[in-house]
Every structure is written in structure tokens, then in C-alpha cells.
There are 2 protein chains.
Amino acid sequence: MATIVDVATLAGVSTSTVSHVLNETRHVEPETKARVMQAVQATGYRRDVLARSMRRARTDSIGLVVSDAGEPAFADMVHGVEEAAAQNGVSLLLANSAEDPARETSAVEALLDRRVDGLIIARAAGSDGKLLDRIREEQKPLVLLDRLEELGGEHGNVDQVGVNNHAAMEALVGHLAGRGHERILLVSGDLRVSSLRERQDGFRKAMANRGLDVPPSLLCEGTVTAAETFQKVRPLIKGSAERPTAVLACSTLLAAGALRAVQKEGLRVPDDMAFAAFDGFTYSDLFHPQITTVRQPAFRLGESAVGLLLKRIEHPGAPTTIIRLDSELEFRRSTG
Amino acid sequence: MATIVDVATLAGVSTSTVSHVLNETRHVEPETKARVMQAVQATGYRRDVLARSMRRARTDSIGLVVSDAGEPAFADMVHGVEEAAAQNGVSLLLANSAEDPARETSAVEALLDRRVDGLIIARAAGSDGKLLDRIREEQKPLVLLDRLEELGGEHGNVDQVGVNNHAAMEALVGHLAGRGHERILLVSGDLRVSSLRERQDGFRKAMANRGLDVPPSLLCEGTVTAAETFQKVRPLIKGSAERPTAVLACSTLLAAGALRAVQKEGLRVPDDMAFAAFDGFTYSDLFHPQITTVRQPAFRLGESAVGLLLKRIEHPGAPTTIIRLDSELEFRRSTG
DNA sequence: CTGAAAGCGCTTACAG
DNA sequence: CTGAAAGCGCTTACAG
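Below is a short write-up of the structure. Computed from a prediction, not measured in an experiment: that's the story for all the values here. (Residues numbered from 1 in each chain as written. Chains lettered and ligands numbered in written order. Predicted model: local features only at pLDDT ≥ 70, side-chain atom pairs only at ≥ 80, totals over all residues. Heavy atoms only, no water.)

Some points on the sheet that holds strand 6 (residues 184-189) of chain B
All names here are of chain B.
Inference 1: Read from one edge to the other, the open sheet built from six strands follows the order 7-6-8-9-10-12, with strand pairing classed as mixed. Because the sheet does not close on itself, it has two edges, and the strands there are strand 7 (219-221) and strand 12 (328-330). With direction set aside, neighbouring strand axes in the sheet form an average angle of 15 degrees.
Inference 2: By the bridge criterion, four bridges tie strand 6 to strand 8 (residues 246-249) in an arrangement that is parallel. When the bridges of strand 8 are listed, leucine 185 appears paired with valine 247.
Inference 3: Seen against the sheet, helix 9 (residues 194-209) touches strand 6, strand 7, strand 8 and strand 9 (274-278) and runs at an angle of roughly 160 degrees to strand 6. (Pairing = 2+ DSSP bridges. Helix = DSSP H or I, 4+ residues; strand = E, 2+ residues; numbered from the N terminus. Axes fitted to C-alpha atoms, helices over the stretch in contact; angles between N-to-C directions. Contact = heavy atoms within 4.5 Å.)

Structural notes on the interface of chain A and chain B
Inference 1: With 44 residues of chain A in contact, the opposing surface of chain B contributes 44 residues.
Inference 2: Buried area between chain A and chain B, summed over both chains or domains, comes out near 4,300 Å², and the portion from carbon and sulfur atoms is 54%.
Inference 3: When residues of chain A are sorted by the area they lose upon contact with chain B, Leu50, Arg114 and Leu286 of chain A head the list and together hold 17% of the total.
Inference 4: Taken together, chain A and chain B are joined by twelve salt bridges.
Inference 5: Two residues, arginine 103 of chain B and glutamate 83 of chain A, come together in a salt bridge whose shortest N-O distance is 3.3 Å.
Inference 6: Those elements that place two or more of their residues in the side of chain A that touches chain B are helix 4 (49-55), helix 5 (72-87), strand 2 (91-96), helix 6 (101-113) and helix 11 (252-264) of chain A. (Buried area = accessible area lost by both parts, 1.4 Å probe. Salt bridge = Lys/Arg side-chain N within 4 Å of Asp/Glu carboxyl O.)

Quick look at the environment of arginine 134 of chain B
Inference 1: When you line up the elements, arginine 134 of chain B lands in helix 7 (residues 130-137).
Inference 2: Sequence separation of arginine 134 of chain B and glutamate 109 of chain B is 25 residues, and the distance between their C-alpha atoms is 9.2 Å.
Inference 3: Non-local contacts of arginine 134 of chain B, meaning those with residues more than four positions away in its chain, are made with Arg46 of chain A together with Glu109 and Leu112 of chain B.
Inference 4: Within the structure, the side chain of arginine 134 of chain B is placed 2.6 Å from the side chain of glutamate 109 of chain B, a separation counted as a polar contact. (Polar contact = N/O pair within 3.5 Å; in protein donor to acceptor, adjacent residues only side chain to side chain.)

So this is what it looks like as C-alpha cells:
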């Protein structure tokens, strides 16, 4: 491989000049510049990215750590991040914490070691504040994705991109209430996850807005797998005067468990039980029951995170930005 | 940040010794070693990955280029690659060609520039041999994933990981034929994609094995989007004595288009039309029609690719390996 | 407008 | 068993 010295020699200039031509970092006489470019052509020279990164404070790469690469919504976010990164000429280093804070930490350390210019993180459920402290200590630009930090909290001063969970929940509950549902079972999952917490909050508020009660029997919290969810939901929907008339699941995984419980109890959707879900299932309109779904703009979430991160890298001191994208509500037969 | 010089100074040794202790690359007296380790602790020293990579011929990173990050099967492969990479202590650089050969080329160039230790590629539909030549020219270890190269072909001498499409197709056709289906419509998509080509080949063979004919009216080729597929499938299944009694779609996307056509024609699955698909839909057992599916072990495909690549990196001269994993057939109601 | 030279933080022959 | 020193391929003050 040709080096910058080869190019300089061939062009009859110094390596400084070659470097400056390539980086457009100081004026060079057109004629000299032309000679350099010719030499670059002739030698097939390509700048050594590693040597370059070592001298500059930049690697033109960013790191992404997701909490669950297996979930379709996260896969879409990864896709969006990749797209935006490629469009901006930065490489993407991908890691998955699999909801394990220890793996998350070591993934972040590995990315810091590689000197990525910035990090995008959708944090693991049990992740604590130390991670953010560590990244701040390194003064590394950071954007939180989907799993956000409370505003005003100790670690709240970070760029963030998420969806407007409260608004989506308000619309969904409004839709159900408008169809006469007053006892709605919320399947909210692991409340250490901020997005799930927000959905539960939004649910309570939306119910309260309509003077509707949310007794504990209408909350199914804390389940992590579909199987667990199935087990926990089943008794809650068993036939009785008090049973819910609608089930609202806060993720695809939770919806799968809950829907199986509904089916196992012999309840038809929507005749015996209305059903709606966040994220939902792909091609839902092709299958019965057709599930009313809150569709997250996952791809755009990823794109936006990159946009925010690149801005932050350019302007480390700029004020914090929080982006909340709206979800799209897809009303289908499952809610009557 | 502490450098190797700081550590050497504090420990009262040369930087050579520090380097050799850290890399375990030559014997060092236990006592000296201890002093070095202490100095490492005291200074909080972390090896500069960039400087290190610059001297060594390795970066401890690998690159993955997928052809369609939006497809669930590829998302799962990415997941598997990530998992295996993390387990082996190498970082993963991810890129998506979006089925565009030009993007694929520039992604590969970017990864080569970053000196990844090896590449895993699921090639774009229109990708040609130049890409492989280029990678071979750089003598960069390479594993082909899912989209494979013909054996014995000009570029055939490459490590590859894919599924056993012929076997899956044989089983699927056997299943349908066993249920009396003789006119099966194959929706095979873009035949520039090797896996789709293999499925069509497998289909022809499996049909021939049973003395069944495959007239052009039972082949729907070349569609890329679901909408296109819908348009092209619809007339082929229109009611007539000659219409197929079963539809077999070779990917999730194709299945979506084909199933919509079936529904639009008012045909019920499986009463009026049997239906089966490769890849299929998630949580297919929860929804009607429940689709008989050939489930690719996509995650394991990704893991295997990393295994092969790391072996290749260790042993550049070893003979080529081709891994074919078996798909799992999930028989459901859609095929009666 | 351009060049000579230091230096980024490592690894690795070479020498003893 | 260990050290002095060259060198990887760049960028960037410094100097003219």
C-alpha cells in the first residue's frame, strides 16, 4: 500500500502539503494541488484511517448499544441508525446488551476503547446511573434512545429520542372508552424500562381523565417473557362479572403472551374481548384477529438519534434536546 | 489518559517490558510483572486500541454487510453475528446495502479502510463478482452469508453459511403432495438472489420427483415488493379448473403479497387454497390463517458465520468450508 | 504559499 | 531476562 510519503515523493512536495490538500485544511496553489491529486491517482493511495484517527480526536465512527436486538422494534431502530450513519459517512459499531447491565457496561467500555465519536444507547432494564456518569466522565457525546431518563433527574441532562407514550396511550384509551370499555387490563411488563413506565403512567392518567378506576386486578406488571405473561394474564381474564372487557399490551412480547391467554380461555377477539397492543405484529392486517396497534416510528427514531448525536459531536456545549416522535395508531377489528 | 510510558516510568521498567507483560508475548520475571501490573492499576492505564491496531496487523473487529436490514430474517442474522462477535471479544461494524450493489461496494470499501480483520457479507441481489475479487485482492478473510456463491464457479472458493434450501423444499412439496396438491404455485421472487434460486431449483426437483408438472402458469418470478407480488399473483390464482390448489411463497415479503392476493380473490385458507411460506410471520400460531412455515435458523446462521470467519482469520490457508444448516418445518392449518 | 520535524502510543526486531 | 530505539502513517504547530 502506498503511503503519504510515496505520494509526496512522486508529487515533489512535502507530506504536509499532501495532508493539507487531502484534508482541505490550508490553501495550496492549484498547480501544486493538481500534482498531488495526480500522484494520489498514480499510486492508488488511500489514507490510513487508523493512523489518521490516532492523530485526530475523531474516528468517524459511532457506537450503538441496544437492549434487545431480538425485538423487531429495536431491529428497526438499528436499521434507522445504520441508514443515517451511512448517509453521514460514519461507521457504525453495534452491540447488544440483551437487557444485561453487565454486558451493557462492557459493551460501552469496548466502544469507548475504540474511541467512537459518540454513543447511542437504548439502555438495559436494570441499567443504573453509573453508566451515564462514566460516559460523561469521558465527555463522550451521548444520545439516549427509546429508554429515556427522567427529566430533572440526576442524569436527566442528556439528548434523548423517544416516542410520545402519553399521547399514544391517551388516544388508545379514548378509543376503547368510546366503545364502552371501562374495565381495561393493562399488561405493562418490566417497569424498570422507562418506556413501559411511561405507558403505564399514561394509562392511569387517561383512565383518570375519564373517571375510570384502575384497580390492581386490571394491572399486570413485571413480566419479562411471553410465557410469564401468559401465566399471569390468564387468571385476570377468567370469566366473571368483574373481568376486563379489553386487554391492552405494552409490547409485542407482552401482546403475544396475553393473546395466548385470551385464546386459551376460549375468548374470541373482539366479540368476547377487545385487544390492542404497542408495537404489535407485522402484517397484522393479513391475519385474524387483526390487532389494533400503536406503531412506533422505530426507523425514524434511529435516524433522529444519529442526527442528534452528530449535532452534539459538532457542538458539545449546545443545550440538550429531547425529541418525542408521535406513534401512529392503526385501528383494526380487534377493538370492534 | 495514562500511556504506556507512564506505566513504564512508574514501574521502573522499559515500555517493551510493559508491552510484553500486557500481551504475554515474552517471559517476564514474576516480580517485574507484578510491579508492572501495579503500575497499570495505579495509573488506570488502558491500552490505546488505535495505536495498537496500527502496529499489529489486527483490529479485533469484523465487518458485516447485509442486503436488507429491514427483513426479519436478516435482523436475526445480525443478532446472531453480534452475539458471537461479543463472545469472542471482537467488535462488530454493521452496514446495510439495501440490495444496492453500489452501496454494497462503498460499504465494503469503508470496512476495508477500517481494516476489519474479516468480512461477513449477505450480498445484494445485483452484486457481481468484482466485489469478491476486490476482497480477495486485499486478502481479507471473507464469509458469505445466506446469499451464496455457486460451487465450482469462478468465485466459488469461499467460506459460506446458508440453509439447506433443497431439503426444505423437498419436505414442503412432499407435505403438500401428500395432501393431494398437484398444482402448486411457487412465488419465488428475485432469482438473482441465490437462496431464492435454490428454492426454485429445489421446487422443480421435488415436483419432478413426484412426476408433477411445473408449467409457467405455476411460477411467479421476479417480483421484489409485496405490492408487485400481489399484482402478479392475483391473475394466477383466479378461479378456473386450472388454478393452483396451493401457494408456496419463498420469503415473508412474497408471502405477504401472495396472501393478500388470495384474500382479495375471496379464497379461504386452507379450504379454498393451501398456503405455505419460507421465513413466514412471527407468532404465526396466534393468528388465522396459521401459516405452515419453513423457519430458517437465522440466528445460528449468523453465529456460524462468525465461527467460520474467526477460523479463517487464524488459518488463512485452511480449506474452504461450506455450512448448510437445516431449516425447521412448522406445519400448521394453512396446509390442511 | 510550503517544508522540516515533532509526536500520537503503541509493537517488535535487535542487542546484550 | 530486559532495554534502547526504530518505526507504523499520519497531523500539525512552527518557521520561513
